[in-house]
Amino acid sequence: MDPKGSWAVVTGASSGLGVEFARALAAMGANLVLTARREAPMQGLAEDLRGRHGVEVVVEAVDLSEADSAVALRDRLERRGIEPDILVNNAAFGLAGAFIEQEPARLRALLQVDIVSTTELTHVFGQPMARRGRGRILLVASLAAFQPTPLLAAYGAAKAYILSFGEALNLELGPEVGVTVLSPGLML
Ligand SMILES: NC(=O)c1ccc[n+]([C@@H]2O[C@H](COP(=O)([O-])OP(=O)(O)OC[C@H]3O[C@@H](n4cnc5c(N)ncnc54)[C@H](OP(=O)(O)O)[C@@H]3O)[C@@H](O)[C@H]2O)c1
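The rules we used
Residues numbered from 1 in each chain as written. Predicted model: local features only at pLDDT ≥ 70, side-chain atom pairs only at ≥ 80, totals over all residues. Heavy atoms only, no water. Helix = DSSP H or I, 4+ residues; strand = E, 2+ residues; numbered from the N terminus. Rg over C-alpha atoms; globule rule 2.2 N^0.38 Å. Buried < 20%, exposed > 50% of the residue type's maximum accessible area, 1.4 Å probe, protein only. Axes fitted to C-alpha atoms, helices over the stretch in contact; angles between N-to-C directions. Parallel < 35°, antiparallel > 145°, perpendicular 65-115°, else oblique. Left-handed = near helix turned anticlockwise from the far one by under 90°. Contact = heavy atoms within 4.5 Å. Nonpolar A, V, L, I, M, F, W, Y, C, P; charged D, E, K, R; others polar. Pairing = 2+ DSSP bridges. Right-handed = clockwise from strand over helix to strand, strands pointing away. Expected span 1.5 Å × (residues − 1). Arc of directions from axis to C-beta. Near = heavy atom within 4 Å. Polar contact = N/O pair within 3.5 Å; in protein donor to acceptor, adjacent residues only side chain to side chain. Areas by Shrake-Rupley, 256 points an atom, 1.4 Å probe, with all protein chains shown as cover.

Student: Provide a residue-level description of the overall build of the protein chain, including the pertinent values.
Tutor: Check the secondary structure of the protein chain and you find five helices and six strands. If you list the helices and strands of the protein chain from N to C, you get β-α-β-α-β-α-β-α-β-α-β. For 188 residues, the compact-globule estimate of 2.2 N^0.38 gives 16 Å, and the C-alpha radius of gyration of the protein chain, at 16 Å, lies within 12% of that figure. Along the first, second and third principal axes, the C-alpha set of the protein chain runs to 50 × 40 × 30 Å. Going through the 188 residues of the protein chain one by one, you find that 47% of them count as buried.

Structure representation (structure tokens):
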């Protein structure tokens, strides 16, 4: 699928890998929805990408640790008349250290961002892609998806979920809607 002229949603677009996904998609001519909590870095990136590649870029500040944030983002984009053909599920965070010492609220947020919102984003944006018979979904897992990860236990388990989920969905939705899982190693 040629991304030129399509809308692509990139989560976690305020830093790290998300910024690089946004840059790569803009260079291919995709219009972008950048989303994360911190708005300022995304506004700077949006300005840069509009100037460099002549694509449309909108910024939507969303906290994916909040319940129903995926549906809220879908609704906001609908109001703007944006129908994404590409979803890059990149936002996630890890909690290092002994599992029993983690704060319950942080653990809940990890599960909400890394699993629940990622699943719900895939659902709300995947449904119209499947109806249109056109779309691409990228799920960012990790090498931690492939084996248990003591001292990163919940993060590794969340990434194992993402790997299994994405591989299953690619069989369900492909070839019209392709689902790819990326499993990076440590990036410093
Ligand atoms: N770095 C590595 O070594 C490594 C290795 C393997 C896999 N990965 C995976 O690669 C992906 C990108 O990681 P990265 O290294 O680029 O991390 P990063 O620089 O920390 O970026 C994480 C992004 O997720 C967003 N995010 C975090 N919590 C959020 C929330 N509650 N609501 C909305 N957005 C939230 C952050 O934005 P805000 O803070 O502005 O919300 C940020 O844009 C993640 O899925 C990560 O698990 C990373």
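Student: Would you mind going over the packing of helix α1 (residues 16–27) against helix α2 (residues 39–53) in detail, with residue names and values included?
Tutor: The N-to-C vectors of α1 and α2 enclose an angle of 20°; their axes lie 10 Å apart at closest approach. In terms of orientation, α1 lies roughly parallel with respect to α2. As for how α1 packs across α2, the hand of that crossing is right-handed. Across the interface between the two elements, Val19, Ala22, Arg23, Ala26 and Ala27 from α1 touch Leu45, Asp48, Leu49, Arg52 and His53 from α2. Tallied by class, the residues present in the contact of α1 with α2 amount to six nonpolar, one polar and three charged.

Student: Requested: an account of the sheet that holds strand β2 (residues 31–36), with residues and values cited.
Tutor: One open sheet accounts for six strands, arranged β3-β2-β1-β4-β5-β6; its pairing is parallel. Every other strand in the sheet has two partners, leaving β3 (57–61) and β6 (177–182) as the edge strands with one partner each. Strand-to-strand twist of the sheet, defined as the mean angle between neighbouring strand axes without regard to direction, takes the value 15°. Of the pairings in the sheet, the one linking strand β4 (residues 86–89) to strand β5 (residues 135–140) comprises four bridges and is parallel in character. Within β5, the residue paired with Leu87 across the bridge is Ile137. On top of the sheet, helix α4 (residues 104–132) reaches β1 (7–11), β4, β5 and β6; it is set at about 170° to β4, its chief contact. Along the sheet, helix α5 (residues 153–173) contacts β5 and β6; its crossing angle with β6, the most-contacted strand, is approximately 160°.

Student: Now, about the pairing of β5: what can you tell me, with residues and values included?
Tutor: Along β5, five of the six residues are buried, which leaves the element largely enclosed by surrounding structure. Running through α4, the crossover from β4 to the neighbouring parallel element β5 is right-handed. Bridge count between β5 and β6: six bridges; the pairing is parallel. Within the sheet, the bridge partner assigned to Ile137 lies in β6 and is Val179. Taken together, β5, α5 and β6 constitute a β-α-β crossover, and its handedness is right-handed.

Student: Which residues make up α1, and what are the values?
Tutor: In this model, α1 (12 residues) spans 17 Å end to end at C-alpha, consistent with the 16 Å of a helix rising 1.5 Å per residue. Of all the residues in α1, the buried ones are Gly18, Val19, Phe21, Ala22, Leu25 and Ala26. An end-on view of α1 places all buried positions within 160° of arc, on one side of the element. Among the structural elements, β1, β2, α2, β4, β5 and β6 are those in contact with the buried residues of α1.

Student: Tell me what's going on with the site of the ligand, and back it up with residues and numbers.
Tutor: The immediate surroundings of the ligand are formed by 26 residues, with Ser14, Arg37, Asn90, Tyr155 and Met187 found nearest. Between the ligand and Asn90, the relevant distance is 2.7 Å, taken from an oxygen atom to a main-chain nitrogen or oxygen of the residue. Note that an oxygen atom of the ligand is positioned 2.6 Å from one of the side-chain N or O atoms of Tyr155. In the complex, 84% of the free accessible area of the ligand, which totals 880 Å², lies under the protein chains. Secondary-structure elements contributing two or more residues to the shell around the ligand are α1 and α5.

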